[in-house]
Amino acid sequence: MHDVFWVNYRATSMDILSKLERLLEESGVLEGISSGDIVAVKIHPGLYGSVRYLRPAYVRKVVEIVKARGGRPFVTETVGHNPSSSRGTAEGYIREMIANGFTSETLGAPIVIADGLWGLDEVKVKIDGLRFKETRVASAIAHSDFLVSLARVKAHGSAGLAASIKNIGVGCVSRAGKSRIHFHSGPSLNVKLCDGCSLCIKYCKLNAIELKNGKPMIDPAKCNRCFICVNICPRKAFTAERTEPPETQYRIADSALAVSKVLKGRIAYINVAVEITPQCDCGRRVDTPIVPDQGIFASKDPVAIDRLVADKIIAAPGIPGSAAEDTGALESGSDKIMKIRGTDWRVLLEAAEKVGLGSQKYRDIMLDI
């Protein structure tokens, strides 16, 4: 059983950023930071056009607290697995971050895309997971001295609940690490669809594809299954079978285990349960929050903190006019996450618990400030 500390979102005694500072001080989650440590602060900045994402002010406050402890923080994220999307390269993603107000000046720390320009900067990590024996962690995160996971809580189609486990399990791995989560195997080529345009060869940064008899051929010795070819092919000639829950959830748990292993557990988990939406921050279309703001949570256990947050969401009344009402989940005690997304969020937590990432048993410690 691990302690999960939290503060509510009322501002009757002090402002919320001061509450966040008190939370991190009294929870002790940053005690592992030593003077001179390079500290990765992992966030999801959302996409330009979305208006419900983690506000830069939270990130700046965490950066300031890390600096006060002698740490050398940088704010980080990894590229998406589709190279043609706006966040498919480091250059494109930083542009999205700037549009949403995330800059070195506003955050008080440099921004580093942890897996590099094309998402190929990675460290192989061996694990004894439910599905993986090895996966790929973004190199800048793997080489850090300490990691602060700062996640905005929301529902999610593949994970069920997007909070601490998903923030590190998907957000801290490279493009190839993400592809291992989202695809069973491959890539494979449908020669009937391929017109030999060679775009896949241009975008394969590992030189794993060459043209033979007018068709691309993949060298398995060079391919790291980043799936750039699958996402970039205009004729959809490269294919791969996508995973679905619960398989996706097992793989997220394995990947989170890899991140924890490479950092030797030197991770602090913070969940900002504010504007809890039914969608992930990966898209621009957002919706009304499904429950009132629940507060900010901190723990050294990602499973315990996610479980407490999920329990709080279920116990809270749904917001009229939101997806909670659409799905008949307005009542306190109704499993809003499950009803809205149709994905059993418990599977992710059970998988994370099974691989040894943490425990669903928690000690609920509310700071009365």
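Located above this text is the structure these notes cover.
These figures come from a predicted structure and were not determined experimentally.

**Student:** How would you summarise the sheet that holds strand β14 (residues 267–273) if you had to cite specific residues and measurements?
**Tutor:** What the eight strands build is an open sheet, ordered β4-β3-β2-β7-β14-β15-β1-β16; its pairing is mixed. The open sheet has two free edges, formed respectively by β4 (111–113) and β16 (362–366), since each of these has just one partner strand. Here the strands of the sheet are splayed against their neighbours by 25° on average, with no regard to which way each runs. Relative to the sheet, helix α1 (residues 16–27) contacts β1 (2–7), β14 and β15 (295–299), its axis offset from that of β15 by approximately 20°. Across the face of the sheet, helix α3 (residues 90–99) comes into contact with β3 (72–77) and β4 while running at roughly 140° to β4.

**Student:** So what's going on with helix α2 (residues 56–68)? Residues and values would help.
**Tutor:** Counted at 1.5 Å a residue, the expected span for α2 with its 13 residues is 18 Å, and the 18 Å between its end C-alpha atoms agrees. All buried positions along α2 are accounted for by P56, Y58, V59, K61, V62, V63, I65 and V66.

**Student:** Outline the side chain of R87, listing residues and values.
**Tutor:** Mapped onto the elements of the fold, R87 is located in the loop between β3 and α3. Buried within the structure, R87 lacks any salt-bridge partner; E77 is the closest side chain of opposite charge, at an N-O distance of 5.0 Å. Residues in contact with R87, not counting those within four places in the same chain, are H44, L47, V79, G80, Y93 and C282.

**Student:** Could you give an account of the pairing of strand β5 (residues 122–126), naming the residues involved and the relevant values?
**Tutor:** By the alternation rule, side chains of β5 split into V123 and V125, which are all buried, and E122, K124 and K126, of which none is buried. Where β5 lies against strand β6 (residues 134–138), five bridges are found, and the strand directions are antiparallel. Note that in β6 the partner of V123 across the bridge is V137.

**Student:** How would you sum up the environment of L357? Please name residues and give values.
**Tutor:** If you trace the backbone, L357 turns up in the loop between α14 (345–354) and β16. Given a relative accessible area of 9%, L357 falls into the buried group. Between the C-alpha atoms of L357 and G119, which are 238 residues apart in sequence, the distance is 25 Å. Apart from residues no more than four positions distant in its own chain, L357 is found in contact with A256, L257, S260, D301, P302, V303 and A352.

**Student:** Which residues make up the pattern of salt bridges, and what values go with them?
**Tutor:** Scanning all chains against the criterion turns up 22 salt bridges. Across the pair R251 and E247 runs a salt bridge, and its minimum N-O distance is 2.8 Å. Of this pair, R251 and E247 both sit in helix α10 (residues 247–262), four residues apart, which is roughly one turn of the helix. Members of the salt-bridge network, linked through shared partners, are E21, R60, K61 and E64.

**Student:** I'd like a rundown of the nonpolar core, residues and numbers included.
**Tutor:** The biggest cluster of nonpolar side chains holds 60 residues, and the ones touching the most others in it are L147, V259 and I313. Take this core: its biggest share by element is eight residues, from helix α11 (residues 302–315). Beyond its immediate sequence surroundings of up to four residues, I313 is in contact with V153, L161, I276, I290, V291, K336 and I337.

**Student:** Any details on the pairing of β3? Residues and values, ideally.
**Tutor:** Burial runs high along β3: five of the six residues are buried. As defined by bridge partners, strand β2 (residues 38–42) adjoins β3 across five bridges and the pair is classed as parallel. Bridge assignment links K42 to a residue of β3, and that residue is T76. The β-α-β motif built from β2, the intervening α2 and the parallel element β3 has right-handed crossover chirality. Pairing analysis gives three bridges linking β3 to β4, with the strands arranged parallel. By the bridge assignment, T76 is partnered in β4 with V112.

**Student:** Before we move on, could you go through the packing of α1 against α2 and cite the residues and values that matter?
**Tutor:** It is the contact of α1 with α2, at a shortest axis distance of 10 Å, that shows an interaxial angle of 40°. Regarding the angle of α1 to α2, the classification is oblique. Crossing angle aside, the handedness with which α1 passes α2 is right-handed. Across the interface between the two elements, L17, L20, E21 and L24 of α1 pack against A57, Y58, K61, V62 and I65 of α2. Residue classes in the contact of α1 with α2 are distributed as seven nonpolar, no polar and two charged.

**Student:** Requested: an account of the environment of I305, with residues and values cited.
**Tutor:** Inspection of the secondary structure assignment puts I305 in helix α11. As a C-alpha pair, I305 and K361 span 56 residues in sequence and 9.5 Å in three-dimensional space. In this view, I305 contacts V4, S164, Y269, I270, N271, F297, A298 and S299; residues no more than four positions away in its chain are not counted.

What counts and how
All chains use their own residue numbering, which begins from 1 and follows the written sequence. The model is predicted, so local features are restricted to residues of pLDDT at least 70 and side-chain atom pairs to those at 80 or more, both for listing and for counting; the totals for chains, interfaces and linings are taken over all residues. Only hydrogens and water are set aside when side-chain values are computed; all heavy atoms of the structure are taken into account. Whether two strands pair comes down to DSSP finding at least two bridges between them. Numbering of helices and strands runs from the N terminus, with a helix taken as a DSSP run of H or I at least four residues long and a strand as a DSSP run of E at least two residues long. All axes are obtained by fitting lines to C-alpha atoms, using only the stretch in contact for helices, and the reported angles, taken between N-to-C directions, cover 0 to 180 degrees. We call two residues in contact whenever any of their non-hydrogen atoms come within 4.5 Å of each other. To estimate how far a helix should reach, multiply one less than its number of residues by 1.5 Å. A 1.4 Å probe rolled over the protein chains alone gives each residue an accessible area, and that area as a share of the maximum for its type sets the label: buried under 20%, exposed over 50%, partly exposed in between. Here the positive residues are Lys and Arg and the negative ones are Asp and Glu; neither His nor the chain ends is included. When a carboxyl oxygen of Asp or Glu is within 4 Å of a side-chain nitrogen of Lys or Arg, the pair counts as a salt bridge. Take the buried residues of types Ala, Val, Leu, Ile, Met, Phe, Trp, Tyr and Cys, join any two whose side-chain atoms come within 4.5 Å, and each joined set is a nonpolar core. Look down the strands so they point away from you; if going from the first strand over the helix to the second traces a clockwise path, that crossover is right-handed. Here is the rule for angles: anything less than 35 degrees is roughly parallel, anything more than 145 is roughly antiparallel, 65 through 115 is roughly perpendicular, and the remaining ranges are oblique. Each helix crossing is assigned a hand: it is left-handed if the near helix lies turned anticlockwise from the far helix by less than a right angle, otherwise right-handed if that turn is clockwise. Here the nonpolar group is Ala, Val, Leu, Ile, Met, Phe, Trp, Tyr, Cys and Pro; Asp, Glu, Lys and Arg are the charged ones; every other residue, Gly included, is treated as polar.

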